[in-house]
Structure formats: structure tokens, C-alpha cells
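Remarks on the overall topology
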Amino acid sequence: MSLKPSSSSPARAPRIVVLGSLNMDLVLRVPHAPAAGETLLGHSIATIPGGKGANQAVSCAREGAQVRMIGCVGDDAHGSALRDALQRDGIDTAALRTVAGEPTGTALILVEDSGQNRIVLIPGANARLEVDEAALAQQLQGAAFLVAQFETPLDQVARGIAVAHGAGCKVMLNPSPVQPIAEPLWPLIDTLVVNEIEAQALCGQSADSPQEAAQAGRALRAKGIARVVVTLGARGAVAIDADGARHHPAPKVQAVDTTAAGDTFLGALAVALGEGQSFDDAVRLGIRAAALCIQQPGAQPSIPQRDAVLLSPLPPDWITL
Ligand code: RIB
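Residues numbered from 1 in each chain as written. Predicted model: local features only at pLDDT ≥ 70, side-chain atom pairs only at ≥ 80, totals over all residues. Heavy atoms only, no water.

It is the contact of helix H5 (residues 196–203) with helix H6 (residues 210–221), at a shortest axis distance of 10 Å, that shows an interaxial angle of 50°. Relative to H6, the element H5 lies oblique. Our pair here, H5 against H6, has a crossing hand that is left-handed. Only Ala216, Ala219 and Leu220 of H6 make contact with H5, whose side of the interface consists of Ala199, Leu202 and Cys203. (Axes fitted to C-alpha atoms, helices over the stretch in contact; angles between N-to-C directions. Helix = DSSP H or I, 4+ residues; strand = E, 2+ residues; numbered from the N terminus. Parallel < 35°, antiparallel > 145°, perpendicular 65-115°, else oblique. Left-handed = near helix turned anticlockwise from the far one by under 90°. Contact = heavy atoms within 4.5 Å.)

Here you go:
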């Protein structure tokens, strides 16, 4: 008798390589973001491991993948703490470089009472990332995805994507903070994950509603990408592929801190796709993971384990657009 793997019982742990940033997040909880010239009394301050690359690596690991992180930290206490944090999640840090004379990346994050955040990033050592093409090609053997973002130098991200494409490894790109994507890069991307602001910046069309996000996603797909996800925060996400566009609503939860929600979503999406789950099941898993993430403060401490995600409420059914 052959057993068909279900969406909740993965057949194997995919390998995922993350090329990206590591930041120490300096998190200020405030009633609201201060206006220009305003002095504001905040609630608290905390130092929490973050960075889009590292958060996505942690999300992949907590979803059950074997993860390798490629990135740079400074030769300082924050760098050691970030390396240790990844290792505690079982992430391979052999390709994590310590750069002498550079501070570790730092993100100043204001979290409002509403849970919304505002982030200022000082890249520090992240700006020194250099892709070793031969080493990366080796590391990508057998990997389900190369995952990348835009918090490290764009020319190096482009190199990484080209190496992955040449090695036959799929690329999942989260172009955040958003910057233009060079034309030759588009067809090398398998899965693009953007929020509504990034979608609009990349295709010039508003993506504020599910219908608009579907249109924007179709325009981005036309550049040569197999799958696009436009995340819409509390309204869920829109998945666009060759079969069309579907709006996946999110479960209603009370947001405490939205930091790393997108990273959590992406990690769950990548692992589920790497396991062979359908695009829609993978998006639903990502939405459930992100819904748990936003109910906890901080970046990496708020990223849930797969067991917790599978125990969380199912989102409403998707709507074909
Ligand atoms: O996506 C959230 C992350 O963005 C934070 O952890 C912060 O470091 C910034 O990079």
C-alpha cells in the first residue's frame, strides 16, 4: 500500500540555503510613532535577534528544514549572540563570516501599541557580504531553495541568484527593503514574496486590495516568475501562479507586534513547497505561522515551531479571483 503524503505530514525535511542579513534589533515599544519634533515617553526597550535573512532561516528551521545561513556579522557581542541564536535552532553557520572592523547590523524598531512597526536599518557587516560562487554552487546541491532578500548588497544577491539558477536550485526572493530588480534577474526567480507596498513599487500598480494584489501579481508574474505571493497583513495573502489568483484570508488574531511576520510566512512557505505541498497549502501554512508570530513580541522569539502551527486555527477557505 502506498501512502500519499498529506499537507500536515511532510515526507522529508527539505534543505534550504538562506543568503541574507543578520541584525540585532533594538526594539522600542511606544504608544505611537512620534511626529517630527515630538518627544515621546516610550514603554520599554529590548535587544532581540533579527534581520530578514536570519529570521527567514529561523522560520525554515522551526518548520523542520535543514538550513544553512550565508551572511556576515561584526566582530562584536551582537555578532556572537546572533550566531549563537542560529545555532540554537540547529542552523548550519559554517558560511557565516565574522567581519573585523565592522559593527553587526542593527535595526531600530519602533513598535506601536497597535502592533504596527517602523524600522530603520544600519547594515554594518551585512554590507560586506560577498558571494563565493564555487562554494555556493556546492552548498546548493540538493537544496530545495535559495532564499534571499535585499538587506545585503544587491550585486551579491544577483550573483547568488545566478549561481542558484545555474545549479538547478529554485530561488525564493523577498525583495525587501524594496529596490528595482534588474531585468535579467526576473526569469531566474521561481517564487517572489512581496507585501502590498513592495508589489506596487515593483510593478507600478496599486496592490492594496486582494483584487489589486492579484492584478499586480499577474503583472509581476509576466516578467518570467512561476509563482508570486502578495502578502496583505491582516487580510492574508494573494497567491498567483499559472492557474490564476487566489485570495487566502488570514485568521482574526490580536496583533502584539508584526515584526518578522513576513519572514515567518516566507519560511513556512519555502519549507512546505520544499516538502512537495501544493502552492495553496503552502500559503495557508505561511498564513497560520505568521498569525502566531504577530501574537508574540520580537523577531526571532516570536517565530513558531511547526507543531504549534499545525495546532493553530485553520484560516477561512480561499477565494478565487
Ligand atoms: O523583517 C523584520 C526584520 O527587519 C527585523 O528583524 C529587522 O532586523 C529588519 O531587518
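Once that is clear, we can look at the pattern of salt bridges. Scanning the model with the defined rule gives 12 salt bridges in all. Glu112 serves as the salt-bridge partner of Arg118, at 2.8 Å between the closest nitrogen and oxygen. Residue Arg118 is classed as partly exposed on the basis of its relative accessible area, which comes to 46%. One connected set of salt bridges, linked through shared partners, spans Glu63, Glu275 and Arg306. (Salt bridge = Lys/Arg side-chain N within 4 Å of Asp/Glu carboxyl O. Buried < 20%, exposed > 50% of the residue type's maximum accessible area, 1.4 Å probe, protein only.)

Further remarks concern the side chain of Arg306. Checked against the element boundaries, Arg306 lands in helix H9 (residues 306–311). There is a polar contact of 2.4 Å between the side chain of Arg306 and the side chain of Glu63. (Polar contact = N/O pair within 3.5 Å; in protein donor to acceptor, adjacent residues only side chain to side chain.)

Another point: the sheet that holds strand S8 (residues 145–149). Here 10 strands make up an open sheet; going across it, the order is S5-S4-S1-S8-S9-S10-S11-S12-S13-S14 and the pairing mixed. Of all strands in the sheet, those bounded by a partner on one side alone are strand S5 (96–99) and strand S14 (319–320). Against the sheet, helix H7 (residues 261–274) contacts strand S1 (15–19), S8, strand S9 (170–174), strand S10 (191–195), strand S11 (227–231) and strand S12 (237–241), and its axis sits at roughly 165° relative to S9. (Pairing = 2+ DSSP bridges.)

Moving on: the packing of H7 against helix H8 (residues 279–293). The interhelical angle for the contact between H7 and H8, taken along N-to-C directions, is 145°, at an axis separation of 7 Å. Helix-helix and strand crossings are classified by hand; for H7 and H8 the assignment is right-handed. Between H7 and H8, the contacting residues are Ala261, Thr264, Phe265, Ala268, Leu269, Ala272 and Leu273 on the first element and Phe279, Ala282, Val283, Leu285, Gly286, Ile287, Ala289, Ala290 and Cys293 on the second. Counted by class, the contact of H7 with H8 contains 14 nonpolar, 2 polar and no charged residues. (Nonpolar A, V, L, I, M, F, W, Y, C, P; charged D, E, K, R; others polar.)

Let us now look at the site of the ligand. Around the ligand, the structure places 13 residues, and the nearest of them are Asp25, Gly51, Lys52, Glu151 and Asp263. Asn55 is positioned with one of its side-chain polar atoms (N or O) 3.0 Å from an oxygen atom of the ligand. Against a free-state accessible area of 280 Å², the protein chains account for coverage of 96% of the ligand. Counting only elements with at least two residues in the shell around the ligand, the list comes to strand S2 (23–30), helix H1 (52–62) and strand S6 (105–112). Looking at the shell around the ligand residue by residue, the classes come out as 5 nonpolar, 4 polar and 4 charged. (Near = heavy atom within 4 Å. Areas by Shrake-Rupley, 256 points an atom, 1.4 Å probe, with all protein chains shown as cover.)

A cis amide bond links Ser176 with the next residue in sequence, Pro177, at an omega value of -5°. As for its placement among the helices and strands, Pro177 is situated in the loop between S9 and S10. Despite not being glycine, Ala260 shows a phi value in the positive range, around 75°. Within the secondary structure, Ala260 sits in the loop between strand S13 (244–248) and H7.

Taken as a whole, this structure holds 0 aromatic pairs when the rule is applied. One cation-aromatic arrangement involves Arg227 over Phe279; the distance from NZ or CZ to the ring centre is 5.8 Å. (Phe/Tyr/Trp six-rings, centres within 6.5 Å; stacked < 30°, edge-to-face > 60°. Lys NZ or Arg CZ within 6 Å of the ring centre and 35° of its normal.)

Remember that the coordinates give geometry; whether it matters functionally is a separate question.
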